[in-house]
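Chain by chain, the residues:
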Amino acid sequence: MAEEGRRGAEEGSEKGPGQAYQVFVVMEDLVDKLKLLQYEDGFIKGWGFKPLPRHYFAIPTNPGEQFYAFTSLCAWLITKCGKSFDQPQEYDDPNATISNILDEVRRLGGAVDFPPSKLKQGCGEHAVYILDKLADEAMMSSSFTWDKPVYPEEEMEEETMVDDDAELTLNKVEDELMMDDDDEIEEEETFLDLEGLKKQSMKNESEGSKPVEIMESTTDAAEWKLEVERVLPSLKVHIKADNKDWRAHFEQMLQHRDGIEHSLTESRGHLDKLHQEITRTLEKIGSREKYINNQLENLLQEFRAMQDQLAQAKEKYREGSGGVTERTRDLALITEELEQVKSEMEERGTSMTDGTPLVKIKQALTRLKTEMTQMDIRMGVVEHTLNQAKLKDKSNMQRDMNKPASDEQY
């Protein structure tokens, strides 16, 4: 049902305008299924959620709250199907959560032919479809079966008459007794004792003698009226209405038939008028359409010619844009090579005009000359020291050689 409601909304042009409200019907069925799965104890009390209204996921109210409730309810239904699924948190990645839910729906055999972004709001026909599919699978997993419907026995309500106490005069009772058969008198359970009336009528028939002269009443009219008023309550006949009597049903059928014929007569007149108006309107529309087509024929031909020219121009533009694209690609390659050559030339020019190596060489020569001068000085000092040492040794040897022998003996 949810899948038909979802696809019906996509084919709204082929179906009636009531298809837009199909999601509300599916949502009400979903709430009934959740109650059958006892979600009040398992989901509301167990996971700490509020009871869901009957159209909660059909209309957008609070996207963040609805998305969290939607993902949590999906997780609970998946666990009811016998699958392991962690409860989503409010700060989890919505794309990952939706992807996991859709994977479980596909494993359960559900058809998912819409993008996952449709579920980010947590409401709408796609969300209701997913929940309804999971609820069906959960009911199948719990081995839920629908029992045969038990129809309550309809008790025939006693038809209340407008006047509960039907007041019938004595003359009317006599007429009914003469018109009805004995069987009908037995079926109609009357509470009036008519034995006295029968005996009186039999007595009149037995006498059978006609009055010789005209009878004149000697009773006072005022006393007669008082007597009638006194015995009037005793003349009431209470007829118990029987709803199973075919006569009551037949009278109802006649009344309904008369009402239908009366309504049909009025409706037929209105429908005939409406038909005539629609026919005239269609004829006017047809004539106006022909007139407009005749007036716009030249413009339509020019429009078709312009469309053909536009198609040719687009084709030429497509061909030209293809060549421009290739040339643009070649230009990009050549520009890249030119940039490389320029960079190499700049590096070589910089190395040729740069005097830093010469300055370094001059500085090195200066340092070498300074070090050579210092070495010459050191060599001169060392040579001078050696010469002094040699002279000192030589003077010591001469002094030793010139000493007298006496000194040696001693």
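Anyway, here's the lowdown on the structure attached to this text. (Residues numbered from 1 in each chain as written. Predicted model: local features only at pLDDT ≥ 70, side-chain atom pairs only at ≥ 80, totals over all residues. Heavy atoms only, no water.)

Applying the stated rule across the entire model yields eight salt bridges. The closest approach of N and O atoms between D132 and K33, which form a salt bridge, is 2.9 Å. Separated by 99 residues along the polypeptide, D132 in helix 6 (residues 125-141) and K33 in helix 2 (residues 22-36) bring together distant segments of the chain. Note on D132: relative accessible area 3%, which makes it buried. (Salt bridge = Lys/Arg side-chain N within 4 Å of Asp/Glu carboxyl O. Helix = DSSP H or I, 4+ residues; strand = E, 2+ residues; numbered from the N terminus. Buried < 20%, exposed > 50% of the residue type's maximum accessible area, 1.4 Å probe, protein only.)

When its relative accessible area of 15% is taken as the criterion, K33 is described as buried. Residues contacting K33, with those up to four places away along its chain left out, are D132, A135, D136 and M139. (Contact = heavy atoms within 4.5 Å.)

All right, on to a nonpolar patch on the surface then. A cluster of nonpolar side chains, L271, L274, I278, L282 and I285, forms an exposed patch at the surface whose accessible area comes to about 490 Å². By secondary structure assignment, the location of I278 is in helix 11 (residues 246-295). Given the relative accessible area of 45%, I278 is considered partly exposed. (Patch = residues over 30% accessible without salt bridge, like charges linked within 9 Å, V, L, I, M, F, W, Y side chains within 5 Å. Areas by Shrake-Rupley, 256 points an atom, 1.4 Å probe, with all protein chains shown as cover.)

Glancing now at the nonpolar core. Among the nonpolar cores identified, the biggest contains 44 residues, and F57, L73, L77 and I130 are the most heavily contacted of them. If you tally residues by element for this core, the top one is helix 4 (residues 63-80), at ten residues. Leaving out residues up to four positions away in the same chain, I130 has contacts with F70, C74, I101, L102, V105, F114 and L119. (Core = buried A, V, L, I, M, F, W, Y, C linked by side-chain atoms within 4.5 Å.)

The next thing to look at is the side chain of Q66. Among the structural elements, Q66 can be located in helix 4. Looking at Q66, the relative accessible area reads 0%, which means it is buried. Engagement of the side chain of Q66 in a polar contact is seen with the backbone oxygen of I59, the distance being 2.9 Å. Residues in contact with Q66, not counting those within four places in the same chain, are Y56, F57, I59, P60, T61, Q121, G122 and C123. (Polar contact = N/O pair within 3.5 Å; in protein donor to acceptor, adjacent residues only side chain to side chain.)

Further remarks concern helix 5 (residues 94-107). In this model, helix 5 (14 residues) spans 20 Å end to end at C-alpha, consistent with the 20 Å of a helix rising 1.5 Å per residue. Among the residues of helix 5, T97, I98, I101, L102, E104 and V105 are the ones counted as buried. When helix 5 is viewed along its axis, its buried side chains cluster within an angular range of 160° and face the same direction. At its buried positions, helix 5 is contacted by helix 4 and helix 6. One or two steps after helix 5, the chain reaches G109, where phi turns positive at roughly 95°. (Expected span 1.5 Å × (residues − 1). Arc of directions from axis to C-beta.)

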